[in-house]
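Spelled out from the first residue to the last, the chains are:
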Amino acid sequence: MDLLPAELKDLIVSNVGKESLPSLRLVCKALGKPATRRLFSELEVTFSEAHVQKVQHILASCLSTEVTSFQLHTEEETRYYGSPGDLDLKNRDERIIVLMGRFPNLRDVTSYWGRAPGEDEEGLIPYRRTADSSKGSARRFTALLETLSSVEHSHLRSLSFVNIGQYLYDSGLTSSPAFHTILGRISELRMSVKCDFTLWRCDFVPEITLWLTPAQSNLTSLTIHVNRCWGYDRQLRLRDLHFPNLKKLKLGNYMITHEWQLEWILSHSTLERLVLDTCSIVNYFFTYCELDDEKYPLHYKPVPWGDPEPQYQWEFGMQWSQLFGKIEQGLKHLKEFTFGIQNLKNGQHDYTRLYCLLPTDDPEHYSFSRNHCSEMTDEAFAVVGMHKEHYMAFNNTIGAWYDIQGFMKSVEEDEDWVIPIVDRSITGREDDEAAYHKLMATVYARACDGN
């Protein structure tokens, strides 16, 4: 066993379940070291006292050099600030963040910011944070950025923010030196934005640009996932940004409503991997909001009652076959393209029942198995390929409308609707599937050639 190459030992250990790694460490010295490295490479902690002690114990041992990834769960505690125990809680928060900053080889940090506003753990019962708890979360966020921006963490590579929302437009954060320092240093950024399910739009979306601007020159991998369809009602001006070194781009729940969005993707000719997770082309728009010259809503306007209000309606005629063809021709370095859709449950995404994509040797056949994946994982898809939900309509009374046929029925009795409706998920299905498989074959061939 001692004579095996280090790469082969690592391969053996990588195929062992994490629960079996403690036992594997005792088998022999040859496998003990790689097993130890994998077992302690990633720490997952909360602000509990038990986890504080655990981190202190690892830091005091030789295992501290093995830790390269840190997952910090900041879910709200039952004891809010202002209670008799608030000082202990505050100190414990600061301790775990400061301790995290002492690991010498830290490369990747993921922070989870509790439940989405407006939902409980299962997304069913309205939930609201208190003002004190929100204040505590903001302080934690600031402490995290200040710790990671220190000189000692110049080697930090990846940051993932899960369930962020109100922090996107916190001027205290976005204007701080620590904010610009850390975002100007990392090469991988993942953002999972949670919006209130009781609202039809996500007001946080435009502020994402504040987080992307300092990272333009250094990012090689970018993930933006929002738990609601985004990109139209509250426009994210991605065309004002460019990432010259970007190799991987993942967009989740992104609505394609204008030609410039495709042109923006194609402008990143360095892309080697593109993931479109539950992204849809919006063909028809129905709104009471006044539109600008590019047909974006100027402001939010609720459903009118009483006197009739003017309606604004328009059509965007793009098909996926056109988009696939342009991606094939425009992204010459693309070696991996993932296109799929997540489960829908009562018109919303069911994040508890997703599927994981499994690779196969045949680029036209895909294997997938049921699993409990987070939407932040790269494998979180229901089924790859074309689905009717990849075409949609937009109605400002309800937001995204995944069923074109249902949208047709909703407007057929509306005397003011004048645009003929075509369900491109049906009329363009053959062209879409042909273009999709042609793109996949091209990407597969590039991956095999290594060019």
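This structure is a prediction, so every number in the text was calculated from the model and none was measured.

Next up on the list: the overall build of the protein chain. Of regular secondary structure, the protein chain possesses 14 helices and 19 strands. Expressed as a percentage of the 451 residues in the protein chain, the buried residues total 52%. Once local pairs closer than 6 in sequence are excluded, the contacts in the protein chain between residues at least 24 apart make up 75%. Carbon and sulfur atoms make up 52% of the accessible area of the protein chain, which totals about 20900 Å².

Let us look at a nonpolar patch on the surface. A cluster of nonpolar residues, Leu8, Leu11 and Ile12, forms a patch on the protein surface that exposes about 230 Å² of accessible area. Its location among the elements puts Ile12 in helix 1 (residues 6-14). For Ile12, a relative accessible area of 32% gives the class partly exposed.

Right, let's get into the side chain of Thr110. Within the secondary structure, Thr110 is located in strand 3 (residues 108-112). Among all residues touching Thr110, those that are not within four sequence positions of it are Phe70, Gln71, Leu72, Ser160 and Val162.

Tallied over the entire structure, the rule returns 10 salt bridges. Put simply, Arg273 and Glu336 hold a salt bridge, and the shortest N to O gap is 3.3 Å. Remark: Glu336 occurs in strand 11 (residues 336-341) and Arg273 occurs in strand 8 (residues 273-277); sequence separation between them is 63 residues. By relative accessible area, which is 18% here, Arg273 ends up buried. Overall, Glu336 belongs to the partly exposed group, its relative accessible area being 35%. One salt bridge in this structure joins Glu433 and Arg429, with 3.1 Å as the shortest N-O distance. Of the two residues, Glu433 and Arg429 both sit in helix 14 (residues 429-449), four residues apart, roughly one turn of that helix. On the basis of relative accessibility, which here comes to 27%, the residue Glu433 falls in the partly exposed class.

We now examine the environment of Val55. Turning to its location among the elements, Val55 is positioned in helix 4 (residues 49-59). Distance from Val55 to Val45, taken between C-alpha atoms, is 8.4 Å for residues 10 residues apart in sequence.

Further remarks concern the packing of helix 10 (residues 259-266) against helix 11 (residues 320-330). Packing of helix 10 against helix 11 brings their axes to within 10 Å, and their N-to-C directions diverge by 25 degrees. When the axis of helix 10 is compared with that of helix 11, the two are roughly parallel. Here helix 10 runs over helix 11; the crossing is right-handed. In this structure, helix 10 contributes Glu259, Leu262, Glu263 and Leu266 to the contact, and helix 11 contributes Leu323, Lys326, Ile327 and Gly330. A class-by-class count of the residues in the contact of helix 10 with helix 11 yields four nonpolar, one polar and three charged.

With that settled, consider unusual backbone geometry. The phi angle at Asn163 is positive, at roughly 75 degrees, despite the residue not being glycine. With respect to the secondary-structure elements, Asn163 resides in strand 4 (residues 158-164). Here the phi dihedral of Lys295 falls at roughly 70 degrees; this positive angle occurs in a residue that is not glycine. Within the fold, Lys295 resides in the loop between strand 9 (280-287) and strand 10 (312-315).

Within helix 11 the residues assigned to the buried category are Trp320, Ser321, Leu323, Phe324, Ile327 and Glu328. Buried residues in helix 11, looked at end-on, bunch into an arc of 165 degrees, giving them a common side.

Applying the stated rule across the entire model yields zero disulfides. Summary of cysteine pairing: Cys229 is not part of a disulfide, and the nearest cysteine sulfur, belonging to Cys279, is at 9.0 Å.

Turning our attention to the packing of helix 11 against helix 14. Following both chains from N to C, one finds helix 11 and helix 14 inclined at 20 degrees, their axes separated by 8 Å at the closest point. Comparing the axis directions of helix 11 and helix 14 gives the class roughly parallel. For the pair helix 11 and helix 14, the sense of crossing is left-handed. In contact with Trp320, Ser321, Phe324, Ile327 and Glu328 of helix 11, helix 14 contributes Asp431, Asp432, Ala435, Tyr436, Lys438, Leu439, Thr442 and Arg446.

Of all five residues that make up strand 3, four are buried, and the element is covered over most of its length. Relative to strand 4, strand 3 is paired through five bridges, and the arrangement is parallel. When the sheet's bridge partners are listed, Val109 is paired in strand 4 with Leu159.

Mapped onto the elements of the fold, Ser111 is located in strand 3. In this structure the side chain of Ser111 is engaged in a polar contact, spanning 2.9 Å, whose partner is the side chain of Trp113.

Enumeration according to the criterion identifies 19 aromatic pairs in this entry. Taking the centre distance of 5.5 Å and the plane angle of 70 degrees together, the rings of Phe161 and Trp211 count as edge-to-face. With Phe161 in strand 4 and Trp211 in helix 9 (residues 208-212), the pair connects residues that are 50 residues apart, well separated along the chain. Each member of the pair, Phe161 as well as Trp211, carries the same accessibility label: buried. For the ring pair Phe337 and Phe339, a centre distance of 6.0 Å and an interplane angle of 15 degrees mean the geometry is stacked. Relative accessible area serves as the criterion here: at 4%, Phe337 is assigned to the buried category. Aromatic rings pair up to connect Trp113, Phe141, Phe161, Phe179 and Trp211 into one cluster.

Rules used in this analysis
Residues numbered from 1 in each chain as written. Predicted model: local features only at pLDDT ≥ 70, side-chain atom pairs only at ≥ 80, totals over all residues. Heavy atoms only, no water. Helix = DSSP H or I, 4+ residues; strand = E, 2+ residues; numbered from the N terminus. Buried < 20%, exposed > 50% of the residue type's maximum accessible area, 1.4 Å probe, protein only. Contact = heavy atoms within 4.5 Å. Areas by Shrake-Rupley, 256 points an atom, 1.4 Å probe, with all protein chains shown as cover. Patch = residues over 30% accessible without salt bridge, like charges linked within 9 Å, V, L, I, M, F, W, Y side chains within 5 Å. Salt bridge = Lys/Arg side-chain N within 4 Å of Asp/Glu carboxyl O. Axes fitted to C-alpha atoms, helices over the stretch in contact; angles between N-to-C directions. Parallel < 35°, antiparallel > 145°, perpendicular 65-115°, else oblique. Left-handed = near helix turned anticlockwise from the far one by under 90°. Nonpolar A, V, L, I, M, F, W, Y, C, P; charged D, E, K, R; others polar. Arc of directions from axis to C-beta. Disulfide = S-S within 2.5 Å. Pairing = 2+ DSSP bridges. Polar contact = N/O pair within 3.5 Å; in protein donor to acceptor, adjacent residues only side chain to side chain. Phe/Tyr/Trp six-rings, centres within 6.5 Å; stacked < 30°, edge-to-face > 60°.

Taken by themselves, the reported measurements are silent on function.
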